[in-house]
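# Working through the structure, step by step
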Amino acid sequence: MLMPPPDQAVMARKAALVARLRDAVPGEGVIADLDAIRTYDCDGLTAYKALPLAVVLPEDTAQVAAVLKICKELGVKVVPRGAGTGLSGGALPIEDGVILGLGKFKKILDIDFANRCTVVQPGVTNLAITQAVEHAGFYYAPDPSSQIACTIGGNVAENSGGVHCLKYGVTTNNLLGLEFVTLDGEILRIGGKHLDADGYDLLGIMTGSEGLLGVITEVTVRILQKPPVARALLLGFSSSEAGGDCVAAVIAAGVIPGGMEMMDRPAIKATEDFVHAGYPLDVEAILIVELDGPEAEVDYLVERVEAIARDCGAVEVRVSTSEEERLRFWAGRKAAFPAVGRISPDYICMDGTIPRKRLPEVLTRMTELSRQYGLRVANVFHAGDGNLHPLILFDANTPGELEKAEAFGGDILKLCVEVGGVLTGEHGVGVEKRDLMGTMFDEDDLKQQQRVKCAFDPEGLLNPGKVFPQLHRCAELGKMHVHAGQLRFSHLPRF
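Calculation notes
Throughout this description, residue numbers start from 1 for each chain and increase along the sequence as written. Local features are withheld for residues below a pLDDT of 70 in this predicted model, meaning they are given only at 70 or higher, and side-chain atom pairs are given and counted only at 80 or more; totals for whole chains, interfaces and linings count all residues. Water and hydrogen atoms were dropped before computing side-chain values, which therefore reflect all heavy atoms in the structure. The classification of residues rests on relative accessible area computed with a 1.4 Å probe and restricted to protein chains. Under 20% of the type maximum is buried, over 50% is exposed, and intermediate values are partly exposed. To qualify as a helix, a DSSP run of H or I must reach at least 4 residues; to qualify as a strand, a run of E must reach at least 2; elements of each kind are numbered from the N terminus. At least two bridges found by DSSP between two strands are what make those strands a pair. A pair of cysteine sulfur atoms is labelled a disulfide when the two atoms are within 2.5 Å. Each patch is built from residues lacking any salt bridge and having more than 30% relative accessible area; the joining distance is 9 Å for like charges and 5 Å for nonpolar side chains (Val, Leu, Ile, Met, Phe, Trp, Tyr). The Shrake-Rupley method, run with a 1.4 Å probe, gives the accessible areas here. Residue values count only the displayed protein chains as cover. The rule for a salt bridge is simple: a side-chain nitrogen of Lys or Arg has to be within 4 Å of a carboxyl oxygen of Asp or Glu. We call Phe, Tyr and Trp rings a pair once their centres come within 6.5 Å, taking the six-membered ring for Trp, and we label the pair stacked below 30 degrees between planes, edge-to-face above 60, and tilted otherwise.

## Digging into helix 9 (residues 265–275)
For helix 9, the set of buried residues is Ala 267, Ile 268, Ala 270, Thr 271 and Glu 272. His 276 sits one or two residues past helix 9 and shows a positive phi near 60 degrees.

## Side note on the pairing of strand 18 (residues 377–382)
For strand 18, the tally of buried residues reaches six of six residues, placing the bulk of the element in the interior. A two-sided burial pattern is seen for strand 18, the buried positions comprising Val 377, Asn 379 and Phe 381 on one face and Ala 378, Val 380 and His 382 on the other. The pairing of strand 13 (residues 259–264) with strand 18 spans two bridges and is antiparallel. Across the sheet, residue Met 262 finds its bridge partner in strand 18, namely Phe 381. Inspection of the sheet shows strand 18 paired to strand 19 (residues 387–394) by six bridges, in the antiparallel sense. Counterpart to His 382 in the pairing with strand 19 is Asn 387. A loop of four residues connects strand 18 with strand 19, the two strands running antiparallel in sequence, and Gly 386 in this loop sits at a positive phi of about 75 degrees.

## Some details on the state of the cysteines
Put plainly, two cysteines are in a disulfide when a covalent bond ties their sulfur atoms together. Counted by the stated rule, this structure contains one disulfide. Between the sulfur atoms of Cys 454 and its disulfide mate Cys 474 the distance is 2.1 Å. The disulfide joining Cys 454 to Cys 474 has a torsion of about -85 degrees about its S-S bond and is therefore left-handed. Highlighted residues: Cys 454 in helix 15 (residues 443–456) and Cys 474 in the loop between strand 20 (470–472) and strand 21 (481–483), separated in sequence by 20 residues. Here Cys 349 stays unpaired: no disulfide links it, and the sulfur of Cys 416, its closest cysteine neighbor, is 12 Å away. Classification of Cys 349 by relative accessible area gives buried; the value is 6%.

## Let's talk about a nonpolar patch on the surface
The grouping of Tyr 200, Leu 202, Ile 205 and Val 452 at the surface amounts to a nonpolar patch, some 400 Å² of accessible area in total. Looking at the secondary structure, you find Tyr 200 in the loop between strand 9 (187–191) and helix 7 (202–206). Its relative accessible area of 77% is what places Tyr 200 among the exposed residues.

## Here's the deal with the packing of aromatic side chains
On inspection of all chains with the given rule, the structure shows four aromatic pairs. With a centroid separation of 6.3 Å and an interplanar angle of 85 degrees, the aromatic rings of Tyr 139 and Tyr 168 are classed as edge-to-face. In this pair, Tyr 139 is assigned in strand 7 (residues 138–139) and Tyr 168 in helix 6 (residues 165–168), connecting sequence segments 29 residues apart. Considered together, Tyr 139 and Tyr 168 belong to a single accessibility category, that of buried residues. Aromatic pair Tyr 373 and Phe 408: ring centres 5.4 Å apart, planes at 10 degrees, arrangement stacked. Highlighted residues: Tyr 373 in helix 13 (residues 359–373) and Phe 408 in helix 14 (residues 401–418), separated in sequence by 35 residues. Owing to a relative accessible area of 15%, Tyr 373 belongs among the buried residues under this scheme. Since its relative accessible area comes to 0%, Phe 408 is described here as buried.

None of the figures reported here should be taken as evidence of function without further support.
Here's what the structure looks like:
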């Protein structure tokens, strides 16, 4: 089928936009070639793809401000993008908008050990922050599984967590300051190297805002001293429910591990085949529990957790006896997502959070949903804080399987809300969970949230079509609204 010729007026407007953008970001900073921009047609949620008008790669904050001013003047939508590792479609392009990529913002600007913080640009990878300070015995605590690739700007946008967030917190708990640019091109600073800022908690509003309020150009994060001792327990259980019971029992006993992760049999098998971490293959679930602090405290806590695990029916208990063994325990968990990719042509990685005590019940109901939909699921959990990452396995080449996987995932997220949890723990809402927001918030709640967006972005040009199932006009919020389905971008082509 022949595609209709492009509208000449549209092409002229695109050419004018690209020319203006190239004036602001000279050299190779603007990509408009159709083949070249395909690199940016999706983020880690690859089920949905779209091509933007252009991709802009500024090199400094002044260029970011100039780009945003141009886009506001011309009424062009803007999608901020970091490394593109997000899993909720938060960086999915808009067909009548531009991608504003922060990939060139890769400098570590300041390391301040006296104030225990670092100042970095948003394109610095999560792991690079730790690598820059570990020589002095420091590290950055939030550690998503994608930390080798994901960037700190994206971590802030999605409020990312990681395997050690149970004790040390997610991004918001380790963030001290931000520089960001508004749609008007105004450069603002909030927070700093100090512990708390006066006035409204704008830092809290920006964290997890998914690119809807401004474009982050600098981040100040807290760094911590490495604990003197860290040991990990590898616990095997004959059922996932028993493992869930152990999670609740450990926390109820007043023990707060540095990390507490759970994997079920399919995830264990895939990971062991991939990494050879020494995981037992004759159990239904494993827990990895890390305890850190002074040596005497760690020794005491290891004994307590071991006793709790045995009371909960642990059939295998191993305690790391060296740093090498501890890292090997974690190597498997860190590689779980790529490992599962080896056993299925495609998978969707879900992200919901539940009260810890409901974990056994939710695991049972997810097994029932798996049978109902006829799709396998491999479960990987940040078990200590109730953040679930079910991996729904499917084959996109089989007609109807993608739709079944999406429906399965939707039911999992609805289940999370039903038992008192939330739609997302760290991946964000993006487009993946956008149409499920009504299961957690009523219309008044959503309008109130959008009033915050209107205060920052009254034109609705920053990352529109994300988070909210319908968009309200800022001028008459609550009276007039535009359904998300009316946006060109919302009709998303798959694959």
